[in-house]
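Survey of secondary and tertiary structure
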Amino acid sequence: MALGSASRSLHQIVQNHVKERIHAAIAIHELNPPEFLALMHESSTIITGSTALLVLNARQFIPRDLDLSVSCQGNDLEILLDGLRRDFKMVRVPTNKGSGNDGPYATLGEVHEIITMEHDEHKIHIMVSVKGALRPLFSFHLTVVMNCITSSSVFCAYPNLTLNFRNLVNESEIVGPSGLTVRGKECLIKYAKRGYEFGYRLHSWPEFSSHTCGSDHNCPFTFRSVNDKGVLWFDYQGRTIRKGQGHIWLLSF
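Description of the structure in this document. (Residues numbered from 1 in each chain as written. Predicted model: local features only at pLDDT ≥ 70, side-chain atom pairs only at ≥ 80, totals over all residues. Heavy atoms only, no water.)

**Comments concerning the packing of aromatic side chains**
When we look at a pair of aromatic rings, we describe it by the centre distance and by the angle of the planes. If you walk through the whole model with that rule in mind, you get seven aromatic pairs. On the basis of an interplanar angle of 45 degrees and a centroid distance of 4.7 Å, the ring pair of Phe155 and Trp233 is categorised as tilted. Of this pair, Phe155 sits in strand β7 (residues 153-156) while Trp233 sits in strand β13 (residues 232-235), and the two are 78 residues apart along the sequence. Residue class for Phe155 comes out buried when judged on its relative accessible area of 0%. Among the residues examined, Trp233 registers a relative accessible area of 14% and is labelled buried. Each member of the aromatic cluster is reached from another via a ring pair, and the members are Phe138, Phe155, Tyr158, Trp233 and Trp249. Between Arg194 and the ring centre of Phe61, over which it is positioned, the NZ or CZ distance is 3.8 Å. In this arrangement the basic side chain of Arg224 is found over the ring face of Tyr158, its NZ or CZ atom lying 4.9 Å from the centre. (Phe/Tyr/Trp six-rings, centres within 6.5 Å; stacked < 30°, edge-to-face > 60°. Helix = DSSP H or I, 4+ residues; strand = E, 2+ residues; numbered from the N terminus. Buried < 20%, exposed > 50% of the residue type's maximum accessible area, 1.4 Å probe, protein only. Lys NZ or Arg CZ within 6 Å of the ring centre and 35° of its normal.)

Here it is, written out as structure tokens:
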């Protein structure tokens, strides 16, 4: 009983700490954290990119922009835009699909469009997903950015890598016929400066040299799901975690 009470107390401490970090990360962009989280909840929006990574692995960097993902289905996008228009001006940006060099989401078939909103020096990039907000995450260029913050939880697709500053390259997204794309090189340099080692295969690191290919959750040849044992979901609001619709992905395809 005492151990159970201690575990609950520790969980509450961690919950509060993570929540404080999320509030601080949102406040960087001059947004009111409770109000913005409420808007995220109402519109089923998630935070992605460097802001999500900052919450997972605190490092000495400040995200320049705030990256969001929202579904184009239903009224989610309209709800989100209505909540942001009070302070931010909307600018629509073409996705330039089909080119590995044009924009961070250029090759993502899961993306309907990108909307940028501006307020002074602050920018919010809204990735409008063809289906669920979580789905485009698994087509991102690096495993280190396959994370997100929902209105009640933190998600990490590759916690054994990301939390240990390891980073697998999603070759299908940033490696072209002539090697790394311009965008690919920029991304690797960006996260290398933040302390992340990158590799193209799991055996790039000694601790994974004897892993079972196609079975280990960290392996790029393993089919993955948002509901498998290799992901991290952490509730920071005391709500039931909504894990999405069982999205399945494979890095090497």
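**Regarding a nonpolar patch on the surface**
Residues Leu10, Ile13 and Val14 make up a contiguous nonpolar surface patch of roughly 280 Å² in combined accessible area. By the element assignment, Val14 lies in helix α1 (residues 2-27). You can call Val14 partly exposed: its relative accessible area is 34%. (Patch = residues over 30% accessible without salt bridge, like charges linked within 9 Å, V, L, I, M, F, W, Y side chains within 5 Å. Areas by Shrake-Rupley, 256 points an atom, 1.4 Å probe, with all protein chains shown as cover. Salt bridge = Lys/Arg side-chain N within 4 Å of Asp/Glu carboxyl O.)

**Structural notes on the pattern of salt bridges**
Tallied over the entire structure, the rule returns nine salt bridges. Note that Asp65 and Arg64 form a salt bridge whose closest N and O atoms lie 3.7 Å from each other. A salt bridge links Glu110 to Arg135; its shortest N-O distance comes to 3.2 Å. In this pair, Glu110 sits in the loop between β3 (89-93) and β4 (111-119) while Arg135 sits in the loop between β5 (122-129) and β6 (147-149), placing the two residues 25 residues apart along the sequence. On the basis of relative accessibility, which here comes to 30%, the residue Arg135 falls in the partly exposed class. Within this structure, Glu35, Arg86 and Asp87 form a network of salt bridges that share partners.

**As for the side chain of Asp228**
Mapping Asp228 onto the fold places it in the loop between β12 (224-225) and β13. At 2.8 Å, the side chain of Asp228 forms a polar contact with the backbone nitrogen of Gly230. (Polar contact = N/O pair within 3.5 Å; in protein donor to acceptor, adjacent residues only side chain to side chain.)

**Points about the nonpolar core**
Among the nonpolar cores identified, the biggest contains 35 residues, and Leu134, Phe138, Leu142, Phe155 and Trp249 are the most heavily contacted of them. Of all the elements in the fold, those that place two or more residues in this core are β4 and α7 (182-193). For this core, the leading source of residues is α7, giving three residues. Those residues within four positions of Phe155 in sequence are excluded, and the remaining contacts are Leu56, Leu134, Leu137, Phe138, Met146, Asn147, Cys148, Val226, Val231, Leu232 and Trp233. Within the second largest apolar cluster, 33 residues are counted, among which are Leu37, Ile47, Ile149 and Val154. (Core = buried A, V, L, I, M, F, W, Y, C linked by side-chain atoms within 4.5 Å. Contact = heavy atoms within 4.5 Å.)

**A short note on unusual backbone geometry**
Phi is positive for Ser44, which is not a glycine, with a value near 55 degrees. In this fold, Ser44 is placed in the loop between α2 (33-43) and β1 (46-48). Classification of Ser44 by relative accessible area gives partly exposed; the value is 31%. With a phi close to 60 degrees, Phe165 is a non-glycine residue in the positive phi region.

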